[in-house]
Amino acid sequence: MAKLQKKPQENHDNDWLNTYADMVTLLLTFFVMLYASSSIDEQKWQYIYQAFQSRGKYLNEYVDQPEHTKDEGNYIKDEEPTSNAGSGELPQSFDQLYVYLSEYVEDQKLSESMSVSKDSAHIFIRFDSSVFFDGNSAVLKREGQELINGILPGLKAVKSSIQNITVSGHTAVGISDVNDWDLSSDRAVSVVKYMDFKAALDSKQFRTKGAGPYEPVAENDSEENRAKNRRVELVILRNDLDLTDPQVIQDILKYDYNLFSDQIDPNAPDTDEGKLPNDSAQGIINSIESLFPSGSTVSTSDGVTGPFIYDEFENFIKSEESSDAAASDSSAAE
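Residues numbered from 1 in each chain as written. Predicted model: local features only at pLDDT ≥ 70, side-chain atom pairs only at ≥ 80, totals over all residues. Heavy atoms only, no water.

Chemist: Which residues make up the overall build of the protein chain, and what values go with them?
Modeler: Scanning the protein chain for helices and strands turns up twelve helices and seven strands. Within the span of the protein chain, comprising 334 residues, buried residues form 29% of the whole. Accessible surface for the protein chain amounts to roughly 23400 Å². Of this, 51% is attributable to carbon and sulfur atoms. (Helix = DSSP H or I, 4+ residues; strand = E, 2+ residues; numbered from the N terminus. Buried < 20%, exposed > 50% of the residue type's maximum accessible area, 1.4 Å probe, protein only. Areas by Shrake-Rupley, 256 points an atom, 1.4 Å probe, with all protein chains shown as cover.)

Pasting the structure below:
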């Protein structure tokens, strides 16, 4: 009678791998679910990518200061502004932006530290410098950061309607250890850096200007007036400019080139004609007449008459080579 063979004994030493694989699969599914339900901040990822690519040579606020403290000069931690400016909805056009900002000033009772005005091509915002900076400092205060946060939603909402924003810093005449050019420029840059950090607009849409004490809005005859001259201004230029509109041209000249209508328009009221620039065409004519006096003309071989070309040095002598070349050309022509 044949004996029954024993079944080989199974090895269960690696059975734990099945449980481990199931756990890893569940964890992967869990993280995929978290990723799918989260909102990714593209700007943060770009900053982190830059930090790795630069191997630590370039750091920015997200990477260098992940935990913001209350120390002055550090940016506010909140990613999105908590204030929604005016009580109404976000603006949908450049003109609505002005209403939105005006409501913000009124609702927050900021008329003493902030003003908003509008013309054909710009929205003009003026901030009291003391809200943004301490004396002789270009470090943006937390109060100033919160004030900027209040207007950011409106700017972001109509970003496509904005061509650029020029931020200008202004100081007052006075005795200080800090250079006015440096201080005004640094303050403008400080505001732009914060707005750029908050992604208010694309970086290429910002401009900065440091005017020092040379564009005052009041006489520097009292501390109250000097305080008015210490300010930060935002000039927001609209994108849909009608360059055939004379008013638009005047606004651009006023805010972008500091030229006012009474300086360039002879028909403007109360214009001092003696201070108007000379007529451009007449200026060119006068310049030509002074260089080429009457009668100093010469006829060419083609019969064309034009100004006589002469050298300003009295002792100018033509070289023999040039004379020989001229004679040779004359013989060839004959």
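Back to the write-up after that little detour.
Chemist: Which residues make up a nonpolar patch on the surface, and what values go with them?
Modeler: Together, W16, L17, Y20, M23, V24, L27, F30, F31, M33 and L34 make up a nonpolar patch on the protein surface, roughly 990 Å² of accessible area in all. The topology assignment puts L34 in helix α1 (residues 16-37). L34 gets classed as partly exposed once you look at its relative accessible area, which sits at 39%. (Patch = residues over 30% accessible without salt bridge, like charges linked within 9 Å, V, L, I, M, F, W, Y side chains within 5 Å. Salt bridge = Lys/Arg side-chain N within 4 Å of Asp/Glu carboxyl O.)

Chemist: Which residues make up the sheet that holds strand β4 (residues 206-210), and what values go with them?
Modeler: An order of β1-β2-β5-β3-β4 is seen for the five strands of this open sheet, with the pairing classed as mixed. The open sheet has two edge strands, β1 (114-118) and β4, and neither has a second partner. Sheet twist, expressed as the mean angle between neighbouring strand axes with direction ignored, is 15 degrees. When strand β3 (residues 162-170) meets strand β5 (residues 231-238), the two strands line up antiparallel, connected through eight bridges. (Pairing = 2+ DSSP bridges. Axes fitted to C-alpha atoms, helices over the stretch in contact; angles between N-to-C directions.)

Chemist: An account of the pairing of strand β2 (residues 122-128) is needed here, citing residue identities and associated values.
Modeler: In terms of burial, β2 is largely enclosed, as five of its seven residues are buried. The sheet contact formed by β1 and β2 spans five bridges and is antiparallel. Paired with S115 across the bridge in β2 is R126. From the end of β1 to the start of β2, which pair antiparallel, there are three residues. Relative to β5, β2 is paired through seven bridges, and the arrangement is antiparallel.

Chemist: Which residues make up helix α6 (residues 142-157), and what values do they have?
Modeler: Two residues of an α-helix separated by three or four positions point the same way, owing to the 3.6 residues in each turn. For α6, with 16 residues, the first-to-last C-alpha span of 24 Å sits near the 22 Å given by 1.5 Å per residue. Every buried residue belonging to α6 is among G144, Q145, L147, I148, N149, G150, I151, L152, P153, G154 and L155, and all of these are buried. (Expected span 1.5 Å × (residues − 1).)

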